[in-house]
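The residues making up each chain are set out below.
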Amino acid sequence: MAGHPHGIGSVRPVGWAYDRAPMIIYWELTNACGLACRHCRATAMPLPAPGELTTTESVDLLDDILGFDDPLPHVVFTGGDPLRRPDLDLLLREARDRGIGVSLAPAVTPLLTRERLAEVAQAGVQAISLSLDGSNAALHDGVRGVEGTFDSTLEALQWANELDVPVQINTLVTDTTAADLPAIYELLSTRTLLRWSLFFLISIGRGSQLTELSAGEAERLIVWLNGLARTAPFQVKTTEAMQYRRIAARAARRRGLSDAEIEASPMARGFGIRDGNGIVFVSHDGNVTPSGFLPLPVGNVKQESLVSLYRDEPTMRSLRRPELFKGRCGRCEFNLWCGGSRARAYAWTGDVLESDPLCPYVPEADRAMAHA
C-alpha cells in the first residue's frame, strides 16, 4: 500500500456520493492552542485535554485508514494547533511511509516559524491552511484574540511561498466580517496562494457568540463570489455554504453549458461534498463526527474502525442520500450537487436531514406546485 502520497481530490464520487471513502479526513490532533479565537469550533484551550489519542493510537489510526483502499483519502492535521503535538513530525513521516497525503492547519503563534514550516514540509506536509479574517490588523486580531496575528499570518504566507508549500487561506464569514470581504480579496490578490476558502459561520462552540448571515445576505455574497471566481488569481470556494454550487451551475447554464459540461468542468470538483459525504472528522479524543462543524459522534476510533464507521454507520449513510433529506433540500433539483449544510440544519433544528436554513432557493417542484 505504501507509495507516493496522493493529493486532495484523488478520491472521486460515484453519482456524487462518496460511499467508499471520504475525500478528506480532518483529524484534530489536539485541542491545545495559543490563540483564543472568537469563533473556535474546537473551543481550544492552552493545554491538551484528557483522553487525547496517544502516539500509538494515532499510528494505529493511520494503519486503519489504509483500509479505505486506493486511492486513499487525504488527511488534514488540524486542531487546536497541531504544532502543539510533540509527535507531529513522527506522525507526518508515518503517514508518508503509508502513502497517505497530509496537509496541516497550524495556528499562527510563535510556534510557527520559517524553520518549523521547513521541517514539516520536509516531513511530508503537502499544503497548509492559514486563517485571515480581516483586511487589517485591527479587524483580524480582534477575531483571533491576540495582537500581531495579522502581520504574522502574512509573514507565514510569504514563508510558505518561499518554501514552495501551497497555501489555502480560510476566512470566516459572519455578519461582522462580510463587509470587509472585498478588501480581504484585494489584499490576497497581491499575494500568492492556491485557494481562498470562505467559512460561513455555524453557531457551535465559541461561534455561537457570533451571528450568521441571513439567507438573503448569504445569497448576494455567493453571487458576488461566483463572479469573482471567474477572474480571481486563485481558486475560490465556500465551506458550509453548499449553495455556491447551485449559483455557479445556474450561471453556467445561462452561459449555455449543458449539465454534462458543468459536471466535467472545474466547478464540479466540490459537487456533492458536505458533512459526512466526502468529509469525516476525528476529534482529539478519537470521536468521529460527520464534520468538525457537525458535533454528532457516531463512534470512536479507540474502539471501532474509522472505515466501518464512515461506510456503515446509519447516520453517515443517510448523509450521503439526498433523497432522504427533508423540506426544500429534499425536493431541490440541485441536491445531488449541493445537498445543503447538514451541520447548519443540525445546529438550527437538531435534525441532520432537515433543510439548510441559509439557503433561500425555492425548488422547481415547489414553484410548479404553487402555479398549479
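Refer to the structure printed above.
In what follows, the accompanying structure is described. (Residues numbered from 1 in each chain as written. Predicted model: local features only at pLDDT ≥ 70, side-chain atom pairs only at ≥ 80, totals over all residues. Heavy atoms only, no water.)

1. Comments concerning the overall build of the chain
Part 1 of the reasoning: Helix and strand counts for the chain come out as 14 helices and 11 strands.
Part 2 of the reasoning: The C-alpha radius of gyration computed for the chain amounts to 20 Å, which stays within 12% of the reference 21 Å derived for 372 residues, consistent with globular compactness.
Part 3 of the reasoning: For the chain, the proportion of its 372 residues judged to be buried stands at 56%.
Part 4 of the reasoning: For the chain, contacts bridging at least 24 residues in sequence account for 73% of all contacts bridging at least 6.
Part 5 of the reasoning: Accessible area of the chain: about 15,200 Å², with a carbon and sulfur share of 54%. (Helix = DSSP H or I, 4+ residues; strand = E, 2+ residues; numbered from the N terminus. Rg over C-alpha atoms; globule rule 2.2 N^0.38 Å. Buried < 20%, exposed > 50% of the residue type's maximum accessible area, 1.4 Å probe, protein only. Contact = heavy atoms within 4.5 Å. Areas by Shrake-Rupley, 256 points an atom, 1.4 Å probe, with all protein chains shown as cover.)

2. Some details on empty space enclosed by the protein
Part 1 of the reasoning: For the structure shown, the criterion picks out 1 cavity of 30 Å³ or more.
Part 2 of the reasoning: Of the volumes computed, that of the largest cavity is approximately 120 Å³.
Part 3 of the reasoning: Forming the boundary of the largest cavity are 14 residues, of which C329, C332, C338, G340 and C359 lie nearest the centre.
Part 4 of the reasoning: Broken down by class, the residue content of the lining of the largest cavity amounts to 7 nonpolar, 4 polar and 3 charged. (1 Å grid on protein atoms, 1.4 Å probe; cavity = no way out; pocket = protein on both sides within 12 Å on 5 of 7 lines; lining within 4 Å. Points joined across faces, edges and corners; volume = space filled by probe spheres on them. Nonpolar A, V, L, I, M, F, W, Y, C, P; charged D, E, K, R; others polar.)

3. A short note on the nonpolar core
Part 1 of the reasoning: Counting 82 residues, the largest nonpolar core has F77, W196, F200 and L306 as its most contacted members.
Part 2 of the reasoning: It is helix α5 (residues 149–162) that contributes the most residues to this core, 6 residues altogether.
Part 3 of the reasoning: Excluding its chain neighbours within four sequence positions, the residues that come into contact with W196 are I169, T171, L181, I184, Y185, L188, L225, L228, F234, Q235, V236 and K237.
Part 4 of the reasoning: Core analysis: the next-biggest nonpolar cluster, separate from the first, contains 11 residues, W16, A249, I262 and A268 among them. (Core = buried A, V, L, I, M, F, W, Y, C linked by side-chain atoms within 4.5 Å.)

Purely geometric numbers; function is a separate question.
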